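# Examining the three-dimensional arrangement
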Amino acid sequence: MALIKDRELSEDSWVHIEDGVPVPSDGGAIVSLERWQAERDALSGRNAPIGIRLDSDTPAENLVADIDRLDLIAVPFSQFKDGRGYSTARLLRERYGFTGELRAVGNILRDQLAFLERCGFDSFEYAGGTDATEALRAFDEIEVVYQTATDRRQSAAATRNHPSRAFSNGTSG
Amino acid sequence: MYIYDEIDQTMVDQRVNQFRDQVRRRIAGELSEDEFKPLRLMNGVYLQLHAYMLRVAIPYGTLSAEQLRKLAWIARKYDRGYGHFTTRQNLQYNWPKLEELPDLLAELASVQMHALQTSGNCIRNVTADQFAGVAADEVIDPRIHAEIIRQWSTLHPEFTFLPRKFKIAVTGAETDRAAVKVHDIGLIAKRDVAGELGFEVIVGGGLGRTPMVGPTIRDFLPERHLLSYLEAVLRVYNQLGRRDNMYKARVKILVHETGAEKFTEMVEREWEQIRDTAVDLPAGERERIAAFFNPPLYDKAEDAAETLTRQVAGDADFAHWVETNVAPHKADGYAIANISLKPIGGVPGDASAEQMDAVAALAERFSFSEIRVTHEQNLVLPHVRQDELYAVWQTLKSYDLHTPNLGLVSDMIACPGMDYCALANARSIPLAQEISERFADLDRQYDIGELKLKISGCINACGHHHVGHIGILGVDRKGEEYYQITLGGSGAEDASLGDIVGPAFPYDKVVNAIETLVDAYLGVRADNERFLDTYRRLGADPFKEALYGVN
Ligand code: HEM
Ligand code: SF4
């Protein structure tokens, strides 16, 4: 498994902590939503980054009150086919204003990366078949976007109506 | 019609390169068939009984002559000289080779075509009324919004891994030629009392193993909000549609299980949050797209109608064809010419490369280079001068494209069935051929009148049997092919689902059974009453009696 963060291979400074396992006192820790809800004060008093796992069947809405206290939200994809996490991500970013790290975990394949990024994910626990360096090319394969999404890339329609701008810069922003 | 700009062209070109790389990785063994599957499905590539199959998108059924020639060229070079037009206004090639697919897609891209989203659990190729822009009863050309939806749905980042496939159809006319009520979303353009343009929105229709006529969830959606409203529907579906059971994953099940009212509330609530964001198009873009669908510059064609009358009087065969296959056009002196792809005994929807070239040439000469593909698996020349119909017909005749059977019993829809499809229980094509031959006598077909017969080889209902006036469904009975017959379905504005008439028939009894049903209808129909109307008036009894005897 490799970590892709902001389109680069990165060292992972976070650890996933299973329920029932003690949370280390330093370093980024990702816990389940239930644990966070049960131990909120202790966890945010740790003085180290804290993240949670938000399962796909839990509505993003449930996190509204906590969003400013979280440094990372991990959205699991148990199968790449299960696309609920794409909507979850957009809602977290666009509706609930989450600005921390949004991480896609689980069955993350090369050819899903560009879609995930457009929905607001900025980091990926990459498990795909091909090697991770090669997978970085996936972000740029198609530069044209036809819709406005979380990444705020300029859609084809917007470009056409602002002819002075270049039609695509291929980056997220 | 819509012409790509540099942006659209860049997209399809880059898409071809992306797919080329995916195929390379598959052939090199970097991708397993399982990993490759979702990628090829995003490009219309299925693995079928004998080979890969490629489904090419013909967005809302509009083709240029140049595009049709390219499809013919591809059929010769990469297939066995023919293609199959489907009920979703696509074209299927049954015999392409995996390693040649990237080149094939590049050929398509060179004429502004693609195979994007013709399969997979995403928003599929958008369909529309084949008479768009020329129908006399039209509020607006539905292709404008179909194109808007095509662009919006293309590689939509949020809706590419939906619970199940998602099909959208648009019509701008009162007569529903696009089967909008049996789509995941059906849109009917209308004007409100103030004259403002908008859509009736129908969600959750569909066929397959749980057929449903979709409920209307909004009577009037102002046009400028179209995309935000669609996005709201799709988001609700993406989050809540069932993923535990693929047979219950379509949006129709969600709408049904939630209740249309509650579902509507959820959509409206979501829409309130996004209706004034950048999801909807800037006004200029709508105008830009609409301009592509301005009508062509029609001639005055002053004496055209008279010439046609004379030609009709002089040639009885031509007169039949005009009566059956030609429809009124909104411009004076013009007509819509339907080209039947259902010759007696032929394979419904198949067209040879020679036939495609011939139709392309006719379109260039007589129809402003435009062709339409219908969901009933036929072709259309949408703008023919009435005094040129005779010349068109004569050419069609030399390519066996002149069968005057539109809407008649031999103008059937049939799915590929056991001949190509890995899921089939039974054969569809040979049955369609036999029925067509049994009713070969055209005078008899005219006498029977409008009769929509639709055949599916299994419960997935690719042949739309549920909405056939007569529907035939292939079922498996201990390894033997049996056929269930339904009566009284319709896919038009009076949409309804057919009822099973009684026990199924083995293959060799089906043609007789159909003939028995037709004869029973002829015996009891009132004047000018269609088969469907007789059935609706009298119910199943006279038909049951004819088929199975009294009780
Ligand atoms: C030969 C390969 C084919 C396969 C394996 C196939 C498979 C399927 C399956 C599994 C479904 C049901 C999906 C669901 O209910 O969720 C379906 C539906 C459908 N297919 Fe096909 N199909 C094939 C060819 C075709 C062709 C050639 C046509 C057009 C002539 C077609 C038109 C349709 C349509 C219109 C539906 C929609 C039914 C609905 O709305 O639920 N299919 N197909
Ligand atoms: S209806 Fe069944 S047999 Fe016919 S094409 Fe569809 S899946 Fe195949």
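Here is a short report on the structure shown in this document. The shown structure was predicted, so the numbers you read here are calculated from the model rather than taken from an experiment. (Residues numbered from 1 in each chain as written. Chains lettered and ligands numbered in written order. Predicted model: local features only at pLDDT ≥ 70, side-chain atom pairs only at ≥ 80, totals over all residues. Heavy atoms only, no water.)

## What about the site of ligand 2?
Every residue lining ligand 2 is accounted for by C415, P416, G417, C421, L423, A424, G457, C458, N460, A461 and C462 of chain B. Looking at the shell around ligand 2 residue by residue, the class counts come to 8 nonpolar, 3 polar and no charged. (Near = heavy atom within 4 Å. Nonpolar A, V, L, I, M, F, W, Y, C, P; charged D, E, K, R; others polar.)

## A few points about the interface of chain B and chain A
With 45 residues of chain B in contact, the opposing surface of chain A contributes 34 residues. Carbon and sulfur atoms make up 57% of the surface buried where chain B meets chain A, a total of about 3500 Å² over both sides. When the buried area of chain B at its contact with chain A is split by residue, I7, P157 and F161 of chain B rank highest and sum to 21% of it. Along the contact surface separating chain B from chain A lie 10 salt bridges. Of the charged contacts, one joins R110 of chain A and D21 of chain B as a salt bridge, the two residues approaching to 3.7 Å between their closest N and O atoms. (Contact = heavy atoms within 4.5 Å. Buried area = accessible area lost by both parts, 1.4 Å probe. Salt bridge = Lys/Arg side-chain N within 4 Å of Asp/Glu carboxyl O.)

## Quick word on the sheet that holds strand β3 (residues 62-64) of chain B
Think of a sheet as strands paired side by side through backbone hydrogen bonds, with each pair either parallel or antiparallel. Residues and elements named next belong to chain B. Taken in spatial order, the 5 strands line up as β3-β14-β15-β12-β11 in an open sheet, and their pairing is antiparallel. Each end of this open sheet is capped by a strand with a single partner; those strands are β3 and β11 (326-328). Direction aside, neighbouring strands of the sheet carry axes that sit 30° apart on average. The pairing of strand β14 (residues 370-373) with strand β15 (residues 379-385) spans 2 bridges and is antiparallel. Across the sheet, R372 pairs through a bridge with V380, a residue of β15. Contacts from helix α11 (residues 316-325) reach β11 and β12 (334-339), with the element oriented near 50° to β11. Helix-sheet contacts for helix α12 (residues 353-366) involve β12, β14 and β15, and the interaxial angle to β15 is about 25°. (Pairing = 2+ DSSP bridges. Helix = DSSP H or I, 4+ residues; strand = E, 2+ residues; numbered from the N terminus. Axes fitted to C-alpha atoms, helices over the stretch in contact; angles between N-to-C directions.)

## Quick word on the sheet that holds strand β2 (residues 52-57) of chain B
Residues and elements named next belong to chain B. Here we have 5 strands laid out as an open sheet, ordered β1-β2-β5-β4-β13, and antiparallel in their pairing. The strands lining the two open edges of the sheet, one partner per strand, are β1 (45-47) and β13 (350-352). When the angles between neighbouring strand axes are averaged without regard to direction, this sheet yields 30°. Sheet topology note: the β1/β2 ladder contains 3 bridges and is antiparallel. Bridge assignment links V45 to a residue of β2, and that residue is L54.

## Brief notes about the site of ligand 1
Residues and elements named next belong to chain B. Taken together, 20 residues surround ligand 1, and among them T87, K165, K167, R250 and C462 come closest. The contact in question runs from an oxygen atom of ligand 1 to an N or O atom on the backbone of L207, over 3.2 Å. Between R250 and ligand 1, the recorded distance is 3.1 Å, taken from a side-chain N or O atom to an oxygen atom. (Polar contact = N/O pair within 3.5 Å; in protein donor to acceptor, adjacent residues only side chain to side chain.)

## Quick look at a negative patch on the surface
Side chains of E18, D19, E34, D55 and D57 of chain A sit close together on the surface and give a patch of like negative charge. As for its placement among the helices and strands, E34 of chain A is situated in helix α1 (residues 33-38). (Patch = residues over 30% accessible without salt bridge, like charges linked within 9 Å, V, L, I, M, F, W, Y side chains within 5 Å. Areas by Shrake-Rupley, 256 points an atom, 1.4 Å probe, with all protein chains shown as cover. Lys, Arg positive; Asp, Glu negative; His and termini not counted. Charge placed at Lys NZ, Arg CZ, Asp CG, Glu CD.)

## Overview of the coordination of the iron atom of ligand 1
Here the protein supplies the iron atom of ligand 1 with just one donor, C462 of chain B (SG), and that contact is 2.1 Å long. Among the structural elements, C462 of chain B can be located in the loop between β17 (453-456) and β18 (470-477). (Donors = N, O, S within 2.8 Å, 3.2 Å for Na, K, Ca; no water.)

## What about helix α4 (residues 101-110) of chain B?
All names here are of chain B. Looking only at α4, the buried set comprises L101, P102, L104, L105, L108 and A109. Down the axis, α4 shows its buried residues gathered within 160° of arc, on one side only. On its buried side, α4 packs onto α1 (6-27), β1, β2 and α3 (65-78). Positioned one or two residues after α4, Q112 has a phi angle of 60°, which is positive. (Buried < 20%, exposed > 50% of the residue type's maximum accessible area, 1.4 Å probe, protein only. Arc of directions from axis to C-beta.)

## Quick word on unusual backbone geometry
Residues and elements named next belong to chain B. A positive phi is found at Q112, a non-glycine position, where the angle reads about 60°. Tracing the backbone through its elements, the reader meets Q112 in the loop between α4 and β6 (127-128). Taking relative accessible area as the criterion, Q112 reaches 21% and is therefore assigned partly exposed.

## Thoughts on the side chain of R143 of chain B
All names here are of chain B. Note on placement: R143 falls in helix α5 (residues 143-153). The buried category is assigned to R143, whose relative accessible area is 4%. Within the local environment of R143, its side chain forms a polar contact with the side chain of D141, the two groups lying 2.8 Å apart.

## Focus on the environment of R209 of chain B
Residue and element names in this part refer to chain B. Tracing the backbone through its elements, the reader meets R209 in the loop between β9 (197-203) and β10 (216-222). The partly exposed category is assigned to R209, whose relative accessible area is 41%. Sequence separation of R209 and V475 is 266 residues, and the distance between their C-alpha atoms is 12 Å. Other than its neighbours up to four places away in sequence, R209 contacts Y247 and I459.

## Here's the deal with the environment of Q377 of chain B
All names here are of chain B. Residue position: Q377 is located in the loop between β14 and β15. Exposure remark for Q377: the relative accessible area of 2% places this residue in the buried category. When the C-alpha positions of Q377 and T87 are compared, they lie 5.7 Å apart, and in sequence the two are 290 residues distant. Residues within four places of Q377 in sequence aside, it is in contact with H84, F85, T86, T87, L341, K342, P348, G349, M412, I413 and A414. Within the local environment of Q377, its side chain forms a polar contact with the side chain of H84, the two groups lying 3.4 Å apart.

## Section: the pairing of strand β1 (residues 2-5) of chain A
Residues and elements named next belong to chain A. Pairing of β1 with strand β8 (residues 123-126), which is carried by 4 bridges, proceeds in the antiparallel orientation. Paired with A2 across the bridge in β8 is Y126. Two strands pair when backbone bridges link them, and β1 and strand β2 (residues 8-10) are joined in this way by 3 bridges, in the antiparallel orientation. Looking at the pairing, I4 lines up with L9 of β2. Between β1 and β2, which pair antiparallel in sequence order, lie 2 residues; one of them, D6, sits at a positive phi of approximately 50°.

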